[in-house]
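As a plain string of letters, each chain reads:
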Amino acid sequence: QVHVVESGGGLVQPGGSLRLSCAASGNIFSINAMGWYLQAPGKQRELVATITSGGSTNYADSVKGRFTISRDNAKNTVYLQMNSLKPEDTAVYYCNVWARRVVGGLSDYWGQGTRVTVSS
């Protein structure tokens, strides 16, 4: 079993910053890509940013230059530094982890989500 837990969401004013964290634990042999997705009210889940095990990153156009994804492979943790936040960034943010278990193949796992609200 692989567990994925996000933290760091909250209420922030426009122009402010937040840092999200996501830790994977459990029966893990290795982790490939990790990423963040968001789901705004009434909309489908969409990509925010991903990072490979080698550190290559990919961002949605809407967050380029404002958000930075990083990871600590020793801690099986991925971070999302969000700066210059806008009201339209308001959403539930989900962490996605592609992990290979000690026994078993490669699968992706989702956290429960952490809510980010950008409002004055």
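Refer to the preceding data block for the structure.
Residues numbered from 1 in each chain as written. Predicted model: local features only at pLDDT ≥ 70, side-chain atom pairs only at ≥ 80, totals over all residues. Heavy atoms only, no water.

Asks: Lay out the overall build of the protein chain with the relevant residues and their values.
Replies: The secondary structure content of the protein chain amounts to 0 helices and 11 strands. Helices (α) and strands (β) of the protein chain occur, in sequence order from the N terminus, as β-β-β-β-β-β-β-β-β-β-β. Relative to the 2.2 N^0.38 estimate, which gives 14 Å for 120 residues, the radius of gyration of the protein chain is 14 Å and therefore close to what a compact globule would have. Along the longest, intermediate and shortest principal axes, the C-alpha atoms of the protein chain span 50 × 25 × 20 Å. The burial tally for the protein chain puts 40% of its 120 residues in the buried class. Relative to all contacts within the protein chain whose residues are 6 or more apart in sequence, the contacts with residues 24 or more apart total 54%. (Helix = DSSP H or I, 4+ residues; strand = E, 2+ residues; numbered from the N terminus. Rg over C-alpha atoms; globule rule 2.2 N^0.38 Å. Buried < 20%, exposed > 50% of the residue type's maximum accessible area, 1.4 Å probe, protein only. Contact = heavy atoms within 4.5 Å.)

Asks: I'd like a rundown of the packing of aromatic side chains, residues and numbers included.
Replies: Tallying each qualifying case throughout the model produces 1 aromatic pair. Where tyrosine 37 meets tryptophan 110, the ring centres are 5.1 Å apart and the plane angle is 65°; that geometry is what we call edge-to-face. Within this pair, whereas tyrosine 37 is found in strand S4 (residues 28-39), its partner tryptophan 110 is found in strand S10 (residues 106-110), the two being separated by 73 residues in sequence. With relative accessibility at 36%, the residue tryptophan 110 sits in the partly exposed group. Residue placement shows arginine 19 over the ring face of tyrosine 79; its charged tip is 4.0 Å from the ring centre. Cation over ring: arginine 45 sits above tryptophan 110, and NZ or CZ is 4.7 Å from the ring centre. (Phe/Tyr/Trp six-rings, centres within 6.5 Å; stacked < 30°, edge-to-face > 60°. Lys NZ or Arg CZ within 6 Å of the ring centre and 35° of its normal.)

Asks: An account of the sheet that holds strand S1 (residues 2-7) is requested, with residue identities and associated values reported.
Replies: By definition, the strands of a sheet pair up through backbone hydrogen bonds, in either a parallel or an antiparallel sense. The strand order across the open sheet formed by 4 strands is S1-S3-S8-S7, and the pairing between neighbours is antiparallel. Each of the sheet's edge strands pairs with one partner strand only, and the pair in question is S1 and strand S7 (67-72). Between one strand axis and the next, the sheet turns by 15° as a mean value, whatever way the strands run. Examined bridge by bridge, strand S3 (residues 18-26) and strand S8 (residues 77-82) share 6 bridges and lie antiparallel to one another. Paired with arginine 19 across the strands is glutamine 81, a residue of S8. (Pairing = 2+ DSSP bridges. Axes fitted to C-alpha atoms, helices over the stretch in contact; angles between N-to-C directions.)

Asks: Explain the environment of asparagine 76 residue by residue, including any values.
Replies: In this structure, asparagine 76 sits in the loop between S7 and S8. For asparagine 76, a relative accessible area of 24% corresponds to the partly exposed category. For the pair asparagine 76 and aspartate 108, spaced 32 residues apart in the sequence, the C-alpha separation amounts to 14 Å.

Asks: Account for the pattern of salt bridges, naming residues and giving values.
Replies: Proximity of charged atoms lets side chains of opposite charge pair with each other. Tallying each qualifying case throughout the model produces 2 salt bridges. Between aspartate 61 and lysine 64 there is a salt bridge, with its nearest N and O atoms 3.1 Å apart. The salt bridge partner of arginine 66 is aspartate 89, with a shortest N-O separation of 2.8 Å. On the criterion of sequence distance, the pair formed by arginine 66 in the loop between strand S6 (57-59) and S7 and aspartate 89 in the loop between S8 and strand S9 (91-101) is long-range, its members being 23 residues apart. (Salt bridge = Lys/Arg side-chain N within 4 Å of Asp/Glu carboxyl O.)

Asks: Please set out a nonpolar patch on the surface residue by residue, giving values where relevant.
Replies: The grouping of Phe29, Val102 and Val103 at the surface amounts to a nonpolar patch, some 350 Å² of accessible area in total. Note that valine 103 resides in the loop between S9 and S10. Take valine 103: its relative accessible area is 64%, and that puts it in the exposed class. (Patch = residues over 30% accessible without salt bridge, like charges linked within 9 Å, V, L, I, M, F, W, Y side chains within 5 Å. Areas by Shrake-Rupley, 256 points an atom, 1.4 Å probe, with all protein chains shown as cover.)

From the geometry alone we can't say anything about function, so treat these as descriptive.
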